[in-house]
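Listed here are the chains, written in short residue letters.
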Amino acid sequence: MNTKLAVPVQSKFSEEVAEWLEAFDDVVVGEGPEQGAELIAALRHRAREAGISTPGALTTPYLNTIPKHDEVPYPGDRKIEERLEALIRWNAMAMVHGQNKKDAGIGGHLSTYSSLATLLEVGYEHFFHATYGDQPGDFIYFQGHASPGVYARAYLEGRFDDERLLNFRHELRGKPGLSSYPHPWLMPDFWRFPTVSMGIGPLNAIYQARFMRYLENRNLIQKTERKIWAFVGDGETDEVDTLGALSVGSREKLDNLIFVVNCNLQRLDGPVRGNKRIIDELEGVFRGAGWHVIKVVWGSDWDELFERDSSGLLLKRMEECVDGDYQSFKAKGGAYLRQEFFGKYPELLELVRDKTDEQLENLHRGGHDRCKIFNAYRRAVNHHGSPTVILAKTVKGYGLGANQARNASHQEKKLTDSGLAQFVKRFKIPVPEQQAKLGKPYRPAPDSPEIVYLQERRRALGGYLPCRDTPKLEFKAPPLKEFSEWTAGSKGRAVSTTMGFVSILRHLLKDPNVGKLIVPIVPDEARTFGLESAIRQVAIYASEGQKYTPHDSDILLYYREEQDGQILEEGITEAGAMASFTAAGTAYSNYRLPSIPFYMYYSMFGFQRVGDMIWAFADSRGKGFLMGGTAGRTTMLGEGLQHQDGHSHVLASTVPTCLSYDPAYVYELAVIVQDGIRRMYQENEPIFYYITMYNEDYAMPAMPEGVREGIVRGIYRFQAAPGGNAKAQLFGSGPILNEAVRAQGILAEKYGVQTEVWSVTSYNELRREALGVERWNRLHPTQPEKVPYILEKLRETEGPIIAASDYMKVVPDQLSPWLSSRLVSLGTDGFGRSDNREYLRRHFEVNAESIVAATLSRLAREGKFDQERAQQAFTELGLETETTDPAYL
Ligand SMILES: Cc1ncc(C[n+]2csc(CCOP(=O)(O)OP(=O)(O)O)c2C)c(N)n1
Ligand SMILES: [Mg+2]
């Protein structure tokens, strides 16, 4: 019997409507809820036929989605679990408080975890699997600022000792510390996902769920019941990254994905939606995007009040209040709640007449009620066909006494001494008052009932979480000789490095060992890079296959989608593609599968657009290749200011684990890719690559003898001076190397100046190496000085160095500490322009003529070339000397 419908239809309805409702009740009670749903669907259909527009409501009343009569009883030992939760809360508090007392300003957050604790604990006790048999377990994306609570639980589990706990935010003291937030880079055995930059966690979680399906559909991993749980702040949903990819979840039917939004109604400064209700807003957004929505608004103690209120007035009053009101109700206590909330209607005052102010103050929100949370999680894990979001209403700073639900709660690091003393007293934590004030952690003995229970629950769920491991995987990189087709040159045929790369990629896709591990990723740019043939070769991944006959099915290179397709065609979302790159680049740990992602994109829309995600990728110890296509401010012609990238290498240099390369020729590219696969997957180095590729066609030379090492270390001599006795050195990178070669000819033929040409594949790597050597020299003044690679290479050269690239001058300038006054940098500082390459290179002063003029000018200043002749050369070479610097145009 459906108890809720036993309540009579309310008298406010007209007789006719009441009759309809009663008939509906009869169907639901007599034939079941499915029949009720069918009836409503039929009514809607009928209404449409009659021309009546009845768009489905996206929001439901401000109540729990799961009615009380549909709940199952809580399966755990609530008393013990509540005790454990109190202990974890204490230790989180003690840890942050104690640390700030010792080290003022060291920081840490308490109020986020205090609102999240029960939501996490129910998961830990009943849902979060660390393994599924011999398969890996669930993934948990934690709210970054809740990390103190995650550490406190690990401490109770015996994973950290007291000393480690007290090294929270102390990472540089010769002992393992605990990082401020989830950082796999800093705690590689513990954290899997860096989440503290708001929005990155939820976005990555969606694409992680999709990548899991991709691997399953390609039969690369076993299908399991594995779930991805993402705990998200309600304020965090302001980030476009959080909500921007929701439709991917529903489109791909990702029922392995569960979002839990911790709706404590506050963000950092104040209320998230003071004038509205964030839960209503999110319910509409998620439902509109096709997600299964479960609201957990009210705790069990409200159930009784709802039962007693047959007038519907309680709900009406709730829906009159906005989140700003709800915050005050929790900040100001029971008497205030009685007066301001219940007091508006005499009937409601009457409803709570038998309750004390304290009882009113303790009426729980759903997100602090184990039973409500358990039922929501249970429904979420059993739901099929779409992702689930649980909107859980909580209190920020729950249990932190005077700090609860205040605008300043987020920043509170320390509690008052009396607050701490009160906490230990209230929760019977056996820490003496004096020590409590200093923030002493407490852990019961391993054989105490609490710890025995906690360990048993985790054993039943397969182990501890979070946990990250790096399994030893046997991997053999294809040797360089397998790339002979590309190291042999193009035999005079004009091709671009992009074309060269695509043919290398197609070759790798066919490789019997690594082929299936390659994950090509594109954000709607496959045609830009000439990937049509790869689409034909390995198909685009489509979870439902290809349900239509593509219009171009009659041609060879048709648009091919398959359920086990290999290419991730992401559509126009660099952020989404980066999230896929992250899932694929960390699969060696998360799925024990060393997948090798190649993410190809417009280089302009990489580091500067999704830079924070790339940073998080590095933190995640991600591996793979970022392939910045249509690179270079003068090589990317026509498209103008927003497309022409002249700075991604500058940005790449800021990411510690990113090796960036700017190759000129396909053989360089082949060497770098081969070496990258070897270092990342065979040698297990936690690094990744950024390689620029260009769309200018020219003949690719064959790889000269003995240059492999120089290519990967950053520089090699490409062409000696034809007449010997070089007076200057020309550095070139990317297609601008061809300009340097042309300049070498002009200098020799027209001005009688002999030069050598060098290909610089990576200024960033040269600088890193030189800095390392310099540091060693600084730290070892008694030892013979070591020489940086760049100086070793230039040892027997003389004269100025003219360095030109399609990137900003600051890229070669990175070497100025070692090249000092020899270096003259030419580069593409300033905004791009639409024109052809000839004009662009002249404008930015990186064409061969500008290189020639710069060389002569510098030699003239050094007294090695006639000054007048050098000045005259500018005119001869068609260069202007009185124009504004393009850096400012
Ligand atoms: C991209 C980014 N911007 C700003 C911050 C700073 N910040 C940290 S927590 C926070 C408020 C979080 O509010 P909410 O998501 O509601 O989480 P709560 O602590 O309330 O659970 C802000 C703005 C950040 N971590 N990341
Ligand atoms: Mg919040």
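Procedures and definitions
Residues numbered from 1 in each chain as written. Chains lettered and ligands numbered in written order. Predicted model: local features only at pLDDT ≥ 70, side-chain atom pairs only at ≥ 80, totals over all residues. Heavy atoms only, no water. Near = heavy atom within 4 Å. Polar contact = N/O pair within 3.5 Å; in protein donor to acceptor, adjacent residues only side chain to side chain. Areas by Shrake-Rupley, 256 points an atom, 1.4 Å probe, with all protein chains shown as cover. Nonpolar A, V, L, I, M, F, W, Y, C, P; charged D, E, K, R; others polar. Salt bridge = Lys/Arg side-chain N within 4 Å of Asp/Glu carboxyl O. Helix = DSSP H or I, 4+ residues; strand = E, 2+ residues; numbered from the N terminus. Buried < 20%, exposed > 50% of the residue type's maximum accessible area, 1.4 Å probe, protein only. Expected span 1.5 Å × (residues − 1). Donors = N, O, S within 2.8 Å, 3.2 Å for Na, K, Ca; no water. Pairing = 2+ DSSP bridges. Axes fitted to C-alpha atoms, helices over the stretch in contact; angles between N-to-C directions. Left-handed = near helix turned anticlockwise from the far one by under 90°. Contact = heavy atoms within 4.5 Å.

Novice: What should I look at first to understand the site of ligand 1 in this one?
Specialist: If you check the shell around ligand 1, you find 18 residues, and the closest are Thr 112, Gln 143, Asp 234, Gly 235 and Lys 396. Separating an oxygen atom of ligand 1 from a backbone N or O atom of Gly 235 is a distance of 2.8 Å. Here an oxygen atom of ligand 1 sits 3.0 Å away from a polar atom, N or O, in the side chain of Asn 264. For ligand 1, whose unbound accessible area comes to 590 Å², protein coverage reaches 76%. For the shell around ligand 1, a count of residues per class yields three nonpolar, ten polar and five charged.

Novice: Would you explain the pattern of salt bridges in this entry?
Specialist: If charged atoms from side chains of opposite charge come close, those side chains can pair. Applying the stated criterion across every chain, the model contains 61 salt bridges. The salt bridge involving Arg 210 is made with Glu 570; its shortest N-O contact spans 3.2 Å. Of this pair, Arg 210 sits in helix 7 (residues 200-217) while Glu 570 is found in the loop between strand 12 (568-569) and helix 24 (574-585), placing the two residues 360 residues apart along the sequence. Residue classification places Glu 570 among the buried positions, given a relative accessible area of 12%. In this structure, Glu 696 and Arg 841 form a salt bridge, with 2.7 Å as the shortest nitrogen-oxygen distance. With Glu 696 in the loop between strand 16 (688-692) and strand 17 (698-699) and Arg 841 in helix 35 (residues 837-843), the pair connects residues that are 145 residues apart, well separated along the chain. Across the pair, Arg 841 and Glu 696 agree in class, each one buried. A single salt-bridge network, built from bridges that share partners, covers Glu 121, Glu 125, Arg 153, Glu 157 and Arg 159.

Novice: Just to check I follow, could you spell out helix 36 (residues 848-861) for this structure?
Specialist: Its 14 residues give helix 36 an end-to-end C-alpha distance of 20 Å, which sits within 8% of 20 Å, the value for a rise of 1.5 Å per residue. The buried fraction of helix 36 amounts to eleven of the 14 residues, a majority that puts the element mostly inside the structure. Looking at helix 36, one finds that the buried residues are Ala 848, Glu 849, Ser 850, Ile 851, Val 852, Ala 853, Ala 854, Thr 855, Leu 856, Leu 859 and Ala 860. Phi turns positive, to about 80°, at Gly 863, one or two residues after helix 36.

Novice: Help me out: how do you make sense of the coordination of the magnesium ion (ligand 2) in this one?
Specialist: Six octahedral donors around a metal ideally sit at 90 or 180 degrees from one another, while four tetrahedral donors ideally sit at 109.5 degrees. At the metal site, the magnesium ion (ligand 2) is ligated by Asp 234 (OD), Asn 264 (OD1) and Gln 266 (O), and these contacts range over 2.0 to 2.1 Å. Sequence spacing of the donor residues for the magnesium ion (ligand 2), all on one chain, is D-x29-N-x1-Q. Here Asn 264 and Gln 266 have matching classes, each one buried.

Novice: Got a minute to help me understand the sheet that holds strand 5 (residues 257-263) in this structure?
Specialist: Picture the strands of a sheet paired through backbone hydrogen bonds; they go either parallel or antiparallel. Strand order in this open sheet of five strands is 3-4-5-7-6, and the pairing throughout is parallel. Two strands lie at the open edges of the sheet, namely strand 3 (139-141) and strand 6 (292-296), each paired on one side alone. Going across the sheet, the axis of each strand differs from the next one's by a mean of 15°, ignoring polarity. In this structure, strand 4 (residues 228-233) lies alongside strand 5, joined through six bridges in parallel fashion. Each bridged residue has a counterpart across the sheet, and for Val 232 the counterpart in strand 5 is Val 261.

Novice: Can you help me understand the packing of helix 3 (residues 78-102) against helix 5 (residues 147-156) in this one?
Specialist: Helix-helix packing is described using two parameters, namely the angle between the two axes and the distance between the axes. Remark: helix 3 packs on helix 5, axes separated minimally by 8 Å, with the N-to-C direction vectors making an angle of 115°. The two elements helix 3 and helix 5 meet at a crossing, and its hand is right-handed. Only Pro 148, Gly 149, Tyr 151, Ala 152, Arg 153, Tyr 155 and Leu 156 of helix 5 make contact with helix 3, whose side of the interface consists of Leu 84, Leu 87, Ile 88, Asn 91, Ala 92, Met 95 and Val 96. For the contact of helix 3 with helix 5, the per-class residue count stands at eleven nonpolar, two polar and one charged.

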